[in-house]
Amino acid sequence: MNSHAFAALAHIPILVCPVGPIPRAAFEKYAAEIRTFDSIRLGDIPAGMKDERARFMPNPLSSGYLYLSYPSHPPPPRHMSLSLFRPSHFTLGIIGVAACSSSYPLASALEQFENTVLDIFPEGSTFPLAKVCLAFEDEESVGNTGLGDTLPGIVSIPSVMGNKKLYIGTLLADLCSHILAELGRVYHVLESPIGNEYLNSALFPTLPSPSEMPLSLSSGNLGYPPYSSQPELESSGLATSGIQIKRSSTAGPGNSHTASLIRQSTLGPPAVRKRISAVGAVSSHGRLYKVLGDFFLLAGRTEDASLWYAEAIVLFKTGQDPVWHGSVLEGMATVFVLDAWSAGQGLQSSVSNNGIKEPWVDIYEQLSQAIALYHKAPAPSEPSQDHSLLALTYCTAVMRQTSLLFCTWSTKGWGALAFASMLQPASTSYTQKTTSDNSWTNLERISIVSGVSRSQIANTVSQAHGPWLLHLGPHERLNILQSMATIYSCLGYKRKEAFILREVISCIMDLIVCGREENDLSRKSDLGSANTGNRSENGDEVSAVGKGAVGVRQNEILEGNQSVLKLLVRACKVLGVDLEAVGVVTAADGNSSEAGGRDSNGSAMEDLEGLADAARESFGWPELQVGVIREAIAVAEALPDPLAVARISFSALKTMHSVLASSDQYHLYQTAGRALAAMRRRGDAPAVEYWAGNPIMSLALLPLALHRLPIENPFSILTAKSSTTNSLLSGIIDPFLYNPRKSSGPQSKNLIVQDEPIELTITLRNPYVFDLEIQSISLSTTGVEFESSPVSALVIPPNTLYSITIIGTAKTRGTLVFRGCIVQAPWGAPREFLLPVPTDADQNLFARRQSAVRCESGRTKYWGLDSLPWEKDRRRLSALLPSLKNPPQFLQCVVVSEQPLLRIRWTSLTHGAVMLYNGEESTIRLTLENISALPIDFIRLSFEDSTIGPAQEALSEGELSVFEIYETEYDLLHRKAFSWRNEKEITNILPNQKVVLSVTCVGKVGCAHGTIHISYSQVNRDHEEQVPVPEVFYTRQLSYPVAVTVYHMLECHDMRLMPMIDMDYDDISRRASNSVIHLLPEVDDPKEWCLFAIDVRNTYGLPFEVTFGREQAGTEIAAVSSTVPPGSMSRIMLPVKKFRLSDDQISQPIPTLSDRQFVVGKSKLSIEEEQAQRELFWYREELLKIVSARWKETNGDRHGDLSLRQQRLTLPMLKALRTDVVQIDLTLIVDNPDGSPQELDYSRGKYIASPNEMLYLRVEVANSSLLPLAMTLDLIFDPAEQVLSEGVLSSIAIGKVKPDETKAVEVPLCFLCTGRFEIGAEVRLMGTSKGSRASASRICISVREDG
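Only a predicted model underlies this, so the values are computations on that prediction, with no experimental measurement involved.

Within the chain, the secondary structure is distributed over 31 helices and 50 strands. Every one of the 1347 residues in the chain was classed for burial, and the buried ones make up 49%. Excluding contacts between residues fewer than 6 apart, the proportion of contacts in the chain whose partners are at least 24 apart in sequence is 77%. As presented, the chain carries roughly 64900 Å² of accessible surface, and 52% of it is formed by carbon and sulfur atoms.

Counted according to the given criterion, the structure contains 40 salt bridges. Across the salt bridge formed by Arg 55 and Glu 191, the nearest N and O atoms sit 3.0 Å from each other. Residue Arg 55 is located in the loop between strand 2 (39-41) and strand 3 (65-69), and its partner Glu 191 is located in the loop between helix 3 (164-190) and helix 4 (193-199); the two are separated by 136 residues in the primary sequence. For Arg 55, a relative accessible area of 30% puts it in the partly exposed group. Measuring nitrogen to oxygen at the nearest pair gives 3.3 Å for the salt bridge that ties Glu 330 to Arg 86. Of this pair, Glu 330 sits in helix 7 (residues 322-343) while Arg 86 sits in the loop between strand 3 and strand 4 (93-100), placing them 244 residues apart in sequence. Overall, Glu 330 belongs to the buried group, its relative accessible area being 0%. Among the charged side chains, a salt-bridge network with shared partners connects Glu 967, Arg 1180, Glu 1181 and Arg 1205.

Okay, the sheet that holds strand 46 (residues 1283-1285) next. Reading across from one edge, 41-40-44-48-46 is the order of the 5 strands in this open sheet, with antiparallel pairing throughout. Looking at the sheet topology across the chains shown, the edges are occupied by strand 41 (1237-1239) and strand 46. Across the sheet, the mean angle from the axis of one strand to that of its neighbour is 40°, orientation sign disregarded. Of the pairings in the sheet, the one linking strand 44 (residues 1254-1263) to strand 48 (residues 1302-1311) comprises 9 bridges and is antiparallel in character. If you follow Arg 1258 over to strand 48, its bridge partner there is Glu 1306.

Another point: helix 3. A rise of 1.5 Å per residue sets the reference length of helix 3, with its 27 residues, at 39 Å; its end C-alpha atoms lie 39 Å apart and thus fit the reference within 8%. Extensive coverage of helix 3 is indicated by the burial of 22 of its 27 residues.

Once that is clear, we can look at the side chain of Ser 897. Mapping Ser 897 onto the fold places it in the loop between strand 24 (891-896) and strand 25 (902-907). Of note is the side chain of Ser 897, whose polar atom sits 2.9 Å from the side chain of Arg 813.

This part takes up the packing of helix 5 (residues 286-298) against helix 6 (residues 302-316). Axis separation between helix 5 and helix 6 bottoms out at 8 Å; the angle between their running directions is 160°. Judged on the interaxial angle alone, helix 6 and helix 5 are roughly antiparallel. Helix 6 is crossed by helix 5, and the crossing has left-handed handedness. Residues Gly 286, Arg 287, Tyr 289, Lys 290, Leu 292, Gly 293, Asp 294, Phe 296 and Leu 297 of helix 5 form the contact with helix 6, whose own contacting residues are Asp 304, Ala 305, Trp 308, Tyr 309, Glu 311, Ala 312, Leu 315 and Phe 316. Split into classes, the residues belonging to the contact of helix 5 with helix 6 amount to 10 nonpolar, 2 polar and 5 charged.

It is at 10 Å that the axes of helix 7 and helix 10 (residues 416-423) come closest, and there the two elements cross at 130°. Here helix 10 runs oblique to helix 7, going by the angle between their axes. Seen from above, helix 7 lies across helix 10 with left-handed handedness. Contacts between helix 7 and helix 10 involve Val 337, Leu 338, Ala 340 and Trp 341 from the former and Ala 416, Phe 419, Ala 420, Met 422 and Leu 423 from the latter. Of the residues contributing to the contact of helix 7 with helix 10, the split by class is 9 nonpolar, no polar and no charged.

Counted by the stated rule, this structure contains 40 aromatic pairs. Where Phe 56 meets Phe 295, the ring centres are 5.5 Å apart and the plane angle is 90°; that geometry is what we call edge-to-face. Of this pair, Phe 56 sits in the loop between strand 2 and strand 3 while Phe 295 sits in helix 5; the two residues are 239 residues apart in sequence, bridging distant segments of the chain. The exposure class assigned to Phe 295 is buried, which follows from its relative accessible area of 3%. Connected via pairs of aromatic rings, a cluster forms that spans Phe 650, Tyr 666, Tyr 669, Trp 691, Tyr 768 and Phe 770.

Definitions and cut-offs
Residues numbered from 1 in each chain as written. Predicted model: local features only at pLDDT ≥ 70, side-chain atom pairs only at ≥ 80, totals over all residues. Heavy atoms only, no water. Helix = DSSP H or I, 4+ residues; strand = E, 2+ residues; numbered from the N terminus. Buried < 20%, exposed > 50% of the residue type's maximum accessible area, 1.4 Å probe, protein only. Contact = heavy atoms within 4.5 Å. Areas by Shrake-Rupley, 256 points an atom, 1.4 Å probe, with all protein chains shown as cover. Salt bridge = Lys/Arg side-chain N within 4 Å of Asp/Glu carboxyl O. Pairing = 2+ DSSP bridges. Axes fitted to C-alpha atoms, helices over the stretch in contact; angles between N-to-C directions. Expected span 1.5 Å × (residues − 1). Polar contact = N/O pair within 3.5 Å; in protein donor to acceptor, adjacent residues only side chain to side chain. Parallel < 35°, antiparallel > 145°, perpendicular 65-115°, else oblique. Left-handed = near helix turned anticlockwise from the far one by under 90°. Nonpolar A, V, L, I, M, F, W, Y, C, P; charged D, E, K, R; others polar. Phe/Tyr/Trp six-rings, centres within 6.5 Å; stacked < 30°, edge-to-face > 60°.

Purely geometric numbers; function is a separate question.
See the structure below:
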């Protein structure tokens, strides 16, 4: 029954209780069948009574209904004063439900039923007015239960009865008939003068027992005449002529109406003496009429009830009795609804209202008047229960008025559904369906359709909340607050609901504490004076008997604790406090047993989805939320429920640590610790989830030591020829300066070795102000087997980042995935935290989510509780963004097979340093030892030095010219600082074997340090058969750093190439610092030779001997040496025979040693300039192949090479080095006396002639090319004014000269004086632009008298 149903004044309360050993399921089944009858037609009520009991009996043809309700418990005894003021508040009938069997006959059931009634309603109680016991036959004991016996007060129902429901309805009608009859007997007493006087003697009067009735007012027999076989109550004070008032409580219908068990008692319970002086005075009949109206309302006769209510109102208009006046108004409002129900019971929709005023307005005004009368009623002058009952009456009236509005609102208007909700709220589920959708749109739509606003309902129900609630008893106050919370919840006023729920919880806790104290007192009184009650450290009550006795802890009753906690969670969640943020996990199975708990994988994935959400916006008033948390902890401690205390404390720390003060954080942490310790001492299994947020900031694999790191290599390098180009030019082998395919390639793998330990570092965070204790931290891995020891007993300092290291070993080869960490707090459950490695797509999605959240923050106004953080997240546009499509990527490691291990046992260097001259070679010996159990069958050396990096960087920048690129690459490939020349000297190294490696180190200017890398592995593993065959193998690399000091002592400058034809041998001997004179005789034809000259400077403090050698085809090997003192410079000269390269060779572009195909020159040269550059390059390369230089200490054995690659070749040098296309031979001829021609004397590079002597200049021109050439000749004399010649000297036509053909031209001349003369000849090719010069030659002549 809903005690605040609008039509509760018209309900006949009937209590259904179990009798005897009936199973709970059976009782619920039979009680449910009884409770299906919520109304009985008046025509079904049996009549037949003729005395005063027939006053409220219905007419046989009545069309009304008798409304029934089934309360779960009777009213408390302190409400007995309301027995005449509010008879519908009390249990008027009681039905016992028993299950009879062969072991439990009817007689036992009847006796047990009588005892149960006496326990519920003590001797002397007015109620119940009728009772009956229904005995249902057990299906397993058919025929053995004694149902054939007829006992008054009990009705047997066989199990074989077909239509039990019809029979139960008949029994209920008989029970209601006896209730109405007893109402007539009660009113018969009240309508007597003395009854009326007692009715008006107090605010809430009760009839006293017959012994307390004044005898002076007992005129006549006011007692009930004998009924059936019921004996009259005999009293010592009223034996003869006293008032014979007895309450004949029929036992209910039986096999016959005459067979009933009579319970004789007085009408009312013993009560305190009222105003005896007022008894006998003439009193108003207003209250009597009001009681008569109430009885008619209970009897379903609304017309009679309305009539007597009207009479009562006329008498109450004087204002002397506002409380009873207000009760009459409530009754009239109920009559109006019942009449409306009878008129529109069959309607399926709301009754149309075409008038101006809603039909419920009059009822609302009547109830408002009644509430006002209750509110202004004067408080009782004497302290009694009347004040509490008056407050209860007021609150009940407010809830009745609220019920009127709420039923009209929830059923969308005034009509049949509204009537049904007001009469029997539990009989229809339409209200629940209508209010199940708490969206603002639906609630406002209902308000518009029904004509009742939600604010009007809320304002009405708020009248019940006030200081008068403190005057109510705990149960009544709880009932009122519960109803108010339900109304606010259905209206969608969640904040008001939470406010009321907090008071509901406070009221419940008062009852719990008071009940516990009463139980304590009763236990202590039972223990006696020798026993003392104590409390243990954790708050559990213990009892000790005598000194040294064993303490016994009393077990608390935990039933109902979860319901209180659910109310607490609901109220706090509205205020933005999530008390279930930390779940509970059962230690037995490791699964979450609470709604707040989640499985580790699900929570971890939710954490991944929440990575994009930054800190949520604050919600609520922090001070209020902190106060609510304190209240919640106090409630959980008072229950007591240590698990709830721990959950609430940890949830507050998890979700609100940013607004909690330091003292609050300390208090919550200590409170949770004490609660968990208490649970541990009790042996409770549940544990809380990890609560301190995500403590893992990062998980990183510490790199292995370089000498232990495995390196992946393809098997192809075993068969391919080793190439130093790949290692030295690795930074520039890509033909493109920007290659997008290279940037999007796979990331480098993390390689670890089987059965070798690895280290992982975990960074932890403690955002709290106290030391955060961690019981254990372990790694969460998948893939191959991984063994590691968890870190235990860890304490993280407050507000800091803390790093730890975990060491583990992979047991098999394969792929090892580190998903994250498993963290466990003290007395808590372990939880897995995933640490994915975000990809570019994931980071892009996270950035979009964060941007969307920041964009929406502050721009959208959320209404009501939609502004809760978890509600906002569902309504944000960012929630529409796609989730992670691909599974998250985690830290992965490739576990390779066991690898051998080398170490450097000994080295020939002292402190790892070597000092060299530029170009000097030295040998470094390294002794290696295999310290593993695996043999080594693959070994390879590679080197690095400080000159490689800058050169590679310069090449990768692409700003060098083509010539500079070639020189840089040549220096990297052919002038390496370190090299291993005996690559085949070591092939295998057995376990524990030692070998010696010899590495050559060359002094190179600019090299300050270098590293020797020794790569080794066991390639052939016959005992391991892998399917499929792997394409890669793994090596280890042992590195040995070397500090290099290179002394730059010799520098080469000013390289020159000069033609020998015009060289003065005396001048050569004078200027040369070497023994070049002995090489001059081999110069047979100066025109075919040129002189190589270069300056060498010694910048060191010791003298060095420099040797330049020549190795040229067609000539003998020659060398010249010179000693260069410290700080001085020497010129070295060496004759070099001219040569000419083919056109195909000089037309080739300058090569690149890195084999890059897409090299674009930076310089903008013309075709002629580019051709000239190529020609210079190829002649220079050929010259450097011919000429080489070495040095040696003058007083020592150290020696080395001297590089000439820094020298450049110019065009004049090229002309001197290159053999011309056209060969010119100049010869001076003189006639002998006999007329024969003879060549002049030629000595030391010049002709000797006499002045004034006729000579002939013979010019022979030879074509050395493969094509015929047309030529002209130009002659030049210096000085020309002292030479007499015949003919023209310029543009002398020679004609077309075929390949390998020679033509001669003779010119007569004469020298007019002595001196030094030069004659030059130039041959030009005809048909070219400006007549380009093909060749030139000159001779020197010394003219003297003695020639």
